[in-house]
Amino acid sequence: MSSKENENRRKFEPKIKEKRWNHQFEHDIFESWQKARLYGLKLNKGKRPFVIDTPPPYPSGTWHIGAVAQYSQIDMIARTSRMLGAQVLFPIGIDRNGLPVEIYTESLYKVKMRETPREEFIELCRKALDELESKMLETMKRIGLSGDYESKYRTDEPAYRKFTQSSFIELWKRGLIYEASRPNNFCHDCGTTIADAEVEYKELSTRLAYVNFKVKETGENLIIATTRPELICSCQLVIVNPTDSRYTQVQGKHAILPIYGREVEIKPHPSAQPDFGSGVVMVCSYGDYTDVLLFRELGLNEIIATGQDGRLTKEAGQYKELTIADARNRIIEDLKAQGLLVRMESIKHRTPVCSRSGTPIEIIPMKEYYLKQLDFLPKLKELANKIVFYPNTNRQILLDWLNSIAIDWPISRRRVYATEIPVWYCMMCGQSIVPRGGEYYQPWKDPAPVAKCSNCGSTEFEGDPRTFDTWMDSSISALFIAKYKRDKTFFKRAYPATIRPQGKDIVRTWLHYSILRCYQLTGRAPFSHAWIAGLGMDEQGQAMHKSRGNVVDPLPILEKFGADSFRFWSASEATHGSDFRCSELRIAGAHKFLTKLWNLSRFISSFPYAKNTTPMASDKWILSELAKLIERSMAGYREFDFFIPASEIRDFVWETFASHYLEMVKPRAYGQGFTKSQQRAAWYTLHTVLKTLLLLSAPLIPFMTDYVWRQLYSKHSVHVEGLPKPVWSRAYSKYTEQMLNFNKEVWKIKEERNLALRDSLEMDVPKGLKLFETDLIRMHSLTPKA
Ligand SMILES: [Zn+2]
Ligand SMILES: [Zn+2]
């Protein structure tokens, strides 16, 4: 570069002073949004409302990096909708009821829930929750979540619990809730019934015991293989497959139970599998779900062998009071001693376990409250088909679940830190007393809402000590945020919500229960769109679990790379709905892109902002590419698939704008040998592209875009602007391929000949690119071929 050129360039000082994007600015920028009440939330008439039924996150330890990525994308939904002209209601709630926090509290304070006075334990849970919640809110703010923090709600606040209880009372009155004793999933660790939706399956190794039963009529041996020998006491039937010729003779005869000596019938039934064990099966109450079905189908009398304490009942005779594991060991010893144990086999068994604690489920008949759902399945399928799903394929997760539901939803739980079931019982006649609703009731400590039993006149009552399944609370979030029964006008505008964003891991719980409950209460689906995100995995694609030690804490990563890098990584990692891998290396990659964008912005900030001028061919070309970029990005934004704008923007910036156009236009922007008007055209175009890029990436990287925007273009935030429109002609994009190829060819030749990029080269601009000749000659220092 000549000294004259150098001098010329020195005239242009970047308006953006900082050489690097300092992500510590993000803290101040967030403050400024809060101060300006940028996200103040009222739904006024005139503007299209866009209501997000934000998932209230559940604090029970370190916030999962995958979840934090999901929330930053939910924020992108909010920002996109605002920039598309909608009035966005983006509530912030915290889900604070139920089991996980009780378990967390027990381990944090080294206490046992069942050994701690209820009031005291509740206080400890609240304390634990407050600490976790404040960290969670801090993280939300750190990632730039543009929600309504001022009207934050909590599912354990009296107003919310009152709301849940009132909805229960309403459905109770309408006959949609009933109490029944049924075989139920029971987790001994959690000490409570759990719904099918919260049962998971694990391949666990277990022992299969081959035990000798006797056929009463013939005295012959009948070998039965079982994983649950401790349940022999509750056996009411032995079955063989009707097609199994080995056992044709024993059908209709009786089997004598070892140890107990009781006799049961031997019947043919298709659910006995000839290739499992010996092919003969004992039917107990209850070893598994098949047992439940057979007891129901054949009208067998259940024998309750397992208690709620996880120990065997008196039905087990000599094994009563033993834990299931101890009883199993003891009975195997005894069978062996009596010569009744033929052999033992180690097998892998697909075992139902509690999704919270991982404990194998026991099936115990218990009295619980049920909310009717079977009657609603046809309607729920109809609603599921009407809701718009992003991505559309994830609708199937819900439909599959609806097709598999076989029982109503058990909603009562034997837990403490959750919304109380608002029912009292008459001590004399047992009549249930349900209050009127509209207040927050704590039957375990409050007096009954009546003085006298209407049935028997007794004045003694007992409150139900149980609580609700936590999904009873969170499933009506769409109604709570829309001020159902509190503000009619607001409700009309805010319900149904526009969109329900959530992870695909809670489709069969939160999504399903929300549609069920809100439909029962309002006759309508709670939202018109459902955005179902994939899950965050570790670098190897494995689910993250505390026990595996592969959980990544997002906070140090946010400190290291900043929120925008984190957000841009989250958007560019996977298409919407697919699982994604959480890797620091990939986040560092997103950080590099931001550095590139910063450097570009800083470079462009050296030039004055020129109003519309007469652009030259290369200017028209990049604006044409910019128009295409907007179109493609908007297709992604409209589907809330942020992978599309993120990858389109990154490709445009790296592959087209920075490497080609910028190099072409530099000499002209510095004014070396060009007319004033040509120079101004370069300035105009550079700024137009930058402005557009800032607007287009604002939902993805709200901090840096706002910072640059305010430094260069406005005293107002970029977030009060609209997304850009593709207003330029796309005609010049027909030159793109040839232009990129020509530039690459020149660079290759120079490299081969060991020339510096600005060294001159004897070469003609191809005919097809004549329009761009002036810029191309200067860009490559071309001299005409002799
Ligand atoms: Zn459990
Ligand atoms: Zn009574």
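The paragraphs below set out a description of the structure included in this document. (Residues numbered from 1 in each chain as written. Chains lettered and ligands numbered in written order. Predicted model: local features only at pLDDT ≥ 70, side-chain atom pairs only at ≥ 80, totals over all residues. Heavy atoms only, no water.)

Considering the overall build of the protein
We count it as follows: Secondary structure counts use DSSP, requiring at least four H or I residues in a row for a helix and at least two E residues in a row for a strand, with both numbered from the N terminus. Accessible area is worked out with a 1.4 Å probe on protein chains only. A residue is then buried under 20% of its type maximum, exposed over 50%, and partly exposed in between. Accessible surface area values rest on a Shrake-Rupley calculation with a 1.4 Å probe, where residue burial reflects the displayed protein chains alone. All tallies of charge rest on Lys and Arg as positive and Asp and Glu as negative; His and the ends of each chain are not included. Every charge is mapped to an atom, namely NZ of Lys, CZ of Arg, CG of Asp or CD of Glu.
Per the secondary structure count, the protein includes 23 helices and 27 strands. Dimensions of the protein along its principal axes, counting C-alpha atoms only, are 115 × 65 × 45 Å. Each of the 786 residues in the protein was classed as buried or not, and the buried ones make up 55%. For the protein, the computed accessible surface area is about 34,300 Å², with 50% contributed by carbon and sulfur atoms. Looking at charge distribution, the protein has the averaged site of its 111 positive side-chain charges lying 7 Å from that of its 93 negative ones.

Points about unusual backbone geometry
Looking along the chain, the bond that leaves Tyr390 and enters Pro391 is cis, with omega of -10°. When you line up the elements, Pro391 lands in the loop between strand E15 (388–390) and helix H10 (395–404). Look at the link from Tyr495 to Pro496: it is a cis peptide, with omega at -5°. Mapped onto the fold, Pro496 is located in the loop between helix H13 (488–494) and strand E22 (497–503).

Looking at the sheet that holds E22
The strands that make up a sheet pair up through hydrogen bonds in the backbone, lying either parallel or antiparallel. Formally: In this analysis, strands are considered paired if DSSP registers two or more bridges between them. Note on method: axes are straight lines fitted to C-alpha atoms, helices fitted across the in-contact stretch only, with angles between N-to-C directions ranging 0 to 180 degrees. Here, two residues are considered to be in contact whenever any of their heavy atoms come within 4.5 Å of each other.
In space, the three strands of this open sheet follow the order E15-E23-E22, with parallel pairing throughout. Pairing within the sheet leaves two strands with one partner each, and these edge strands are E15 and E22. The sheet shows a mean angle of 20° between the axes of neighbouring strands, direction not considered. With three bridges connecting them, E15 and strand E23 (residues 527–533) associate as parallel partners. From the neighbouring strand, Tyr390 faces E23, where its bridge partner is Trp531. Contacting E15, E22 and E23, helix H14 (residues 507–522) crosses the sheet at an angle of about 160° to E22.

Comments concerning the packing of helix H6 (residues 158–173) against H14
Put simply, the test is: Should the near helix be turned anticlockwise from the far one by less than a right angle, the crossing is left-handed, and should it be turned clockwise, the crossing is right-handed. Three classes are used, and their members are as follows: Ala, Val, Leu, Ile, Met, Phe, Trp, Tyr, Cys and Pro are nonpolar, Asp, Glu, Lys and Arg are charged, and the others, Gly among them, are polar.
In the contact formed by H6 and H14, the axes pass within 11 Å of each other and the chain directions differ by 65°. With respect to the hand of their crossing, H6 and H14 are arranged in left-handed fashion. Where H6 approaches H14, its residues Thr164, Ser167, Glu170 and Leu171 are matched on the opposing element by Arg517, Gln520 and Leu521. The residue inventory of the contact of H6 with H14, partitioned by class, reads two nonpolar, three polar and two charged.

Some thoughts on the coordination of the zinc ion (ligand 1)
We apply this condition: Metal coordination here is assigned from N, O and S atoms located within 2.8 Å of the ion, or within 3.2 Å for Na, K and Ca; omission of water means that sites may look incomplete. Under this scheme a four-donor centre is tetrahedral when all angles range from 85 to 135 degrees, a four-donor centre is square planar and a six-donor centre octahedral when opposite donors are above 155 degrees with the rest from 65 to 115, and any other centre is irregular.
Protein ligation of the zinc ion (ligand 1) involves Cys187 (SG), Cys190 (SG), Cys354 (SG) and Ser357 (OG), the donor distances falling in the range 2.2 to 2.3 Å. One way to put it: the four donor atoms around the zinc ion (ligand 1) meet at angles of 97 to 120°, and that makes the site tetrahedral. Of note, the zinc ion (ligand 1) draws all its donor residues from one chain, in the sequence arrangement C-x2-C-x163-C-x2-S. Relative accessible area serves as the criterion here: at 31%, Ser357 is assigned to the partly exposed category.

Some details on the coordination of the zinc ion (ligand 2)
Of the protein atoms, only Cys426 (SG), Cys429 (SG), Cys453 (SG) and Cys456 (SG) coordinate the zinc ion (ligand 2), at distances of 2.2 to 2.3 Å. What the four donor atoms of the zinc ion (ligand 2) show is an angle range of 100 to 115° at the metal, which sorts the shape as tetrahedral. In primary-sequence terms, the residues that donate to the zinc ion (ligand 2) follow C-x2-C-x23-C-x2-C.

Description of the nonpolar core
The test is simple: Put simply, buried Ala, Val, Leu, Ile, Met, Phe, Trp, Tyr and Cys residues joined by side-chain atoms within 4.5 Å make one nonpolar core.
Phe566, Phe657 and Phe772 are the most contacted members of the largest nonpolar core, which has 120 residues in total. Top element by residues in this core is helix H19 (residues 643–669). It accounts for eleven residues. Here Phe772 is in contact with Ala617, Ser618, Trp621, Met664, Tyr732, Tyr735 and Met739, once residues within four sequence places are set aside. Ranked by size, the runner-up nonpolar core spans 66 residues in total, among them Tyr153, Trp424, Val507 and Tyr519.

Section: the sheet that holds strand E6 (residues 192–194)
Reading across from one edge, E6-E5-E14-E16 is the order of the four strands in this open sheet, with antiparallel pairing throughout. Each edge of the open sheet carries a strand with a single partner, namely E6 and strand E16 (409–410). As judged from the three bridges shared by strand E5 (residues 177–187) and E6, these two strands associate in the antiparallel manner. Residue Phe186 lies in a different strand from E6, and its bridge partner there is Thr193.

Comments concerning the packing of aromatic side chains
Put simply, the rule is: Each Phe, Tyr or Trp ring (for Trp, its six-membered ring) is paired with any other whose centre lies within 6.5 Å, and the angle between the two planes then decides the class: stacked below 30 degrees, edge-to-face above 60, tilted in between. For a Lys NZ or an Arg CZ to count as sitting over a ring, it must be within 6 Å of the ring centre and within 35 degrees of the ring normal.
Enumeration over the complete set of coordinates arrives at 47 aromatic pairs. Plain terms: the ring middles of Trp569 and Phe580 are 6.1 Å apart, the flat faces sit at 70° to each other, and that makes the pair edge-to-face. Placement of Trp569 in helix H16 (residues 563–573) and of Phe580 in strand E25 (residues 580–581) is noted, with a sequence separation of eleven residues between them. Trp569 gets classed as buried once you look at its relative accessible area, which sits at 1%. One aromatic cluster is present, built from ring pairs that chain together Tyr153, Tyr160, Phe163, Phe480, Tyr484, Phe491 and Tyr495. Directly above the ring of Phe490 sits Lys483, whose terminal nitrogen or CZ lies 4.4 Å from the centroid.

Some words on the side chain of Arg96
Basically, it comes down to this: Any N or O atom pair separated by 3.5 Å or less is treated as a polar contact, with the protein-specific requirement of one donor-capable and one acceptor-capable atom, and with residues adjacent in sequence counted only for side-chain atom pairs.
Locating Arg96 in the fold gives a position in the loop between strand E3 (91–94) and helix H4 (99–109). A polar side-chain atom of Arg96 sits 3.0 Å from a polar atom in the side chain of Asp156. With residues up to four places along the chain from it excluded, the contact list for Arg96 reads Arg126, Leu129, Asp130, Glu133, Arg154, Thr155, Asp156 and Tyr417.

Focus on the state of the cysteines
Quick reminder of the rule: The term disulfide is used for any two cysteine sulfur atoms that are within 2.5 Å.
Inspection of every chain in the model, using the stated rule, returns zero disulfides. Considering cysteine sulfurs only, Cys235 is the nearest to Cys284, which forms no disulfide, with 4.9 Å between them. With relative accessibility at 3%, the residue Cys284 sits in the buried group.

Looking at the packing of helix H20 (residues 676–697) against helix H21 (residues 702–712)
The N-to-C vectors of H20 and H21 enclose an angle of 145°; their axes lie 9 Å apart at closest approach. The handedness of the crossing between H20 and H21 is left-handed. Counting all contacts with H20, which are made through Leu690, Lys691, Leu694, Leu695 and Ser697, the residues of H21 involved are Thr705, Val708, Trp709 and Leu712. When grouped by side-chain class, the residues that make up the contact of H20 with H21 number six nonpolar, two polar and one charged.

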